[in-house]
Amino acid sequence: MIIVLPALLLMAGLLAGGETTVSNETTAPPQTAQSAIPAELKDRLKRELAAKYGEAQRARIERGIEQAAGLWRADDGSPEAFAAFARDNFIADPAALSENFQHFQYAFEQLGGYLNEMGRELRHWTDLDVGPLLPIDRIFAAYDPGAHLIEDLFSNKAGFIVLLNFPVTTLEERLKEGGKWSRRQWAEARLAQQFSKRVPAEVNQKISTASAEGESYIAEYNIWMHHLVDSQGQRLFPSGLRLISHWNLRDELKADYNDPKALAKQHMIAKVMERIVTQRIPKAVINNPRVDWEPFANTVRPAPKEEIETVGQASLPAKDEQAGMPVPQPEPDTRYAHLLATFQAVRLADPFSPSMPTHIARRFEEGRELPEARVEQLFKDVLGSPLAGRVAALIEQRLGRKLEPFDIWYNGFQPRGRYQEAELDAMVAKKYPNVAAYQADIPRLLTGLGFTPERAKYLAARIVVDPSRGAGHAMPALRRGDKPHLRTRFEKGGMNYKGYNIAVHEMGHNVEQVFSLYNVDHTLLAGVPNTAFTEALAFVFQARDLELLGLAKPDAESERLRVLNDFWMTYEICGPALVDMAVWHWMYDHPQATAAQLREATVAISKDIWNRYYAPVFGRRDVVLPGVYSHMVNLMMYLPDYPLGHLIAFQIEEQIKKGKSLGEEFERMTSYGSVAPDLWMEHATGRPVSAQPLLRATEAALK
Ligand SMILES: [Zn+2]
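Since the model is a prediction, treat every value here as computed from it, not as a measurement.

Here is what the cut-offs are and how they apply
Residues numbered from 1 in each chain as written. Predicted model: local features only at pLDDT ≥ 70, side-chain atom pairs only at ≥ 80, totals over all residues. Heavy atoms only, no water. pLDDT = per-residue confidence, 0-100. Contact = heavy atoms within 4.5 Å. Patch = residues over 30% accessible without salt bridge, like charges linked within 9 Å, V, L, I, M, F, W, Y side chains within 5 Å. Areas by Shrake-Rupley, 256 points an atom, 1.4 Å probe, with all protein chains shown as cover. Salt bridge = Lys/Arg side-chain N within 4 Å of Asp/Glu carboxyl O. Helix = DSSP H or I, 4+ residues; strand = E, 2+ residues; numbered from the N terminus. Buried < 20%, exposed > 50% of the residue type's maximum accessible area, 1.4 Å probe, protein only. Pairing = 2+ DSSP bridges. Axes fitted to C-alpha atoms, helices over the stretch in contact; angles between N-to-C directions. Expected span 1.5 Å × (residues − 1). Arc of directions from axis to C-beta. Phe/Tyr/Trp six-rings, centres within 6.5 Å; stacked < 30°, edge-to-face > 60°. Lys NZ or Arg CZ within 6 Å of the ring centre and 35° of its normal.

**Details of the confidence of the model for the protein**
Averaged over the protein, the pLDDT score is 91; the fraction of residues at 70 or greater is 92%. This model gives residues 5-31 a pLDDT under 50, and the stretch forms 82 contacts once residues within four places in sequence are excluded. Across residues 317-324, where pLDDT falls below 50, the model places 13 contacts with residues more than four positions away in sequence or in other chains.

This is the structure we're talking about:
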């Protein structure tokens, strides 16, 4: 993963209306953002400036006046003040415009770069394993020095100068015209994009609150597995196993393939998931080790005393909810109330985002820069592929039974590791007893991946390794002169294999971050098109971690299994991504809906997607499992990024295998900067973003 601080996501135009956040007191119709500038004045100014600067400037003048007037509020100044501002700040002379562009670019690199650095250093104690945490560290960590940057730039009029002089483009324009644009035009588009909306702080706050509330709801949503009983009252799962929905439930289901009681356990987990989606789950069984639950008959009774587990930090429901009632009270659509609340909150930003007036538009046009219809088509290319049936047949063969709906999470293609984890741990700990040892080894790791010694040295000098408190992450630099940071865990006895595997992944991020900042021709274009690209590039490194330890390359058979595993995972996650998208459309179509209505709609949508794409392969209808992902509750349509990431990773990997060397290809690709995804991919591989490389590799793996 990478961590970019919120203010800078905003600067990079990545934050779709405040990406975090659910509070449902907002059923009133959204507030409207009315321009404080009368139409008559805008027309007069357009005529006046066109007369002054000539017809050749008319299109620029009209666009600039509309853009600046569109976001000008009464507290920015009177209409007369706006007129004076426009007269004083419209730049007609191309040389002067060019100079202004350079100064904006320089200032934004410094602002972004130093704010990022400040944020990083304020999180020094919380992010790094450098000593005990003090209460004050959490305050510093939560403080975002760039939180008010964009609003400040509107207030001091810098943002309005941008709007008056540089075009705010729509995604449609960037896609249609972008191929013919100069690099400077792309950089101008990125500059203006940062001021394409002006969401009031109180709206952003409501969005953050809604998302944070959804997040804490999910964070507490555990199932105590030992308290699931079958119709005979048998407990299938060991005591102490507390699984968070949906991540742990799914991972347990995957791990159970190797269990003698696989089928019974997996059926039970799938039933639990179904009850969560339909909200027929008894409220009393959520995060509660004091009751037993039989999920098929859906009955609850108090757990025998000797089976009650220590609950540690888990918060328990009030006593009266724990009793054994013959008809247990279902969870009262809380899951959907949270989802609805995020919708109601982000919708408040719509009127302040004139060029992307819905959250759906902002997600696709701003965050991903791929039109929704195209993303949908990519997923349908995978879901509708006849290869799914062929892979399914192979899975049936390997399992020796007909497929069950939960086999959508089949993981038996994953090649068994040739090395024991303990063996690897020992090897890694010896190699990397501390941070300095990994830092010193970076040039060797990079030449091992295929970078020239000169490039490896150049990169190693620009990456700082830190001991991480959490699992690990990469933190980019946003200003030339600053360095990306690689964070991974070092245990007492040195690094373990898991930490090493993460370090290699993060190093992939860091190398991309160095090239995409230091090598791009305009710093306004620093980066890659979107998150899916970032992750795909890091996976290129991570997939080679064992080779870098001097262990054998994967053989043809394990490579074949890896491809089949990737195909099945992509096929699986395309469904939930389509559910996420369809549910957001339904909410926009039914803004007055209740949580119960949203639940009915989500269940119907999940079944519909299942029936269309999975039922023909699984021979079973009306399954709701595609609706179980917890991301849907608070992350506001994040799920499509997963399948996109898989597809992009395949495309990049295919090109790297074709190229002369990994080092050369990686540098060439990542030095191109943040243009539209298809343009980036055409430059990288000669083709737009496509599902074909994954499908081709799967076809070959089936032979
Ligand atoms: Zn990552």
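Following the structure, the description resumes.
**Some words on a nonpolar patch on the surface**
Taken together, the side chains of L134, I136, I139 and F140 make up a nonpolar region of the molecular surface, amounting to roughly 370 Å² of accessible area. Note on placement: L134 falls in the loop between α6 (124-127) and α7 (135-142). Under the relative-accessibility criterion, L134 is labelled partly exposed at 49%.

**Section: unusual backbone geometry**
For the bond from S245 to H246, the omega torsion is -5°, close enough to zero to count as cis. Along the polypeptide, H246 turns up in the loop between β2 (242-244) and α13 (247-255). Of note in the backbone geometry, K157 takes a positive phi value of approximately 80° without being a glycine. Even without being glycine, E369 reaches a positive phi, approximately 60°. Positionally, E369 belongs in the loop between α16 (359-368) and α17 (372-383). The buried category is assigned to E369, whose relative accessible area is 2%.

**Observations concerning the sheet that holds strand β7 (residues 485-488)**
Sheet strands pair via backbone hydrogen bonds, and the direction of the pair is either parallel or antiparallel. Spatial strand order, β5-β7-β6: three strands in an open sheet with mixed pairing. Across the chains shown, the open sheet's two edge strands, defined by having one partner strand only, are β5 (464-467) and β6 (472-475). Going across the sheet, the axis of each strand differs from the next one's by a mean of 15°, ignoring polarity. One ladder, built from four bridges, connects β5 with β7; its direction is parallel. In the sheet register, V464 faces β7, and the bridge partner there is H485. Of the strands in this sheet, β5 and β7 are in contact with helix α20 (residues 435-449), which crosses β5 at around 155°.

**Section: the environment of G450**
Along the polypeptide, G450 turns up in the loop between α20 and α21 (453-460). Taking the C-alpha atoms as reference points, G450 and S661, 211 residues apart in sequence, are found 5.8 Å from one another. In this view, G450 contacts S661, G663 and E664; residues no more than four positions away in its chain are not counted.

**Concerning helix α18 (residues 387-399)**
With 13 residues, α18 extends 18 Å between its outermost C-alpha atoms, agreeing within 8% with the 18 Å of an ideal straight helix rising 1.5 Å per residue. When α18 is considered as a whole, its buried residues turn out to be L387, A388, V391, A392 and I395. Seen from one end, α18 has its buried residues packed into an arc of 135°, which puts them on one side. Buried residues along α18 sit in contact with α25 (556-589), α26 (595-618) and α31 (692-702).

**Considering the pairing of strand β4 (residues 299-302)**
Alignment of strand β3 (residues 291-294) against β4, held across four bridges, turns out to be antiparallel. Residue W293 lies in a different strand from β4, and its bridge partner there is V300.

**So, the packing of aromatic side chains**
Counted by the stated rule, this structure contains 33 aromatic pairs. Here the aromatic rings of Y410 and F413 are separated by 5.3 Å at their centres, their planes lie at 90°, and the arrangement is edge-to-face. For Y410, a relative accessible area of 7% gives the class buried. F413 sits in the buried class, given a relative accessible area of 0%. Ring centres of F533 and W680 lie 5.0 Å apart, and the angle between their planes is 75°; this geometry places the pair in the edge-to-face category. One end of the pair, F533, is in helix α23 (residues 531-542); the other, W680, is in helix α30 (residues 677-685), and 147 residues separate them in sequence. With respect to class, F533 is no different from W680; both count as buried. Here the aromatic cluster, defined as three or more aromatic residues joined through ring pairs, consists of W72, F82, F85, F101, F104, F108, F154, F160, F166 and F195. Just above the ring of F101 sits the side chain of R184; from NZ or CZ to the centre is 4.6 Å. Its guanidinium or amino end placed over the ring of Y458, R455 lies 4.4 Å from that ring's centre, counting from NZ or CZ.

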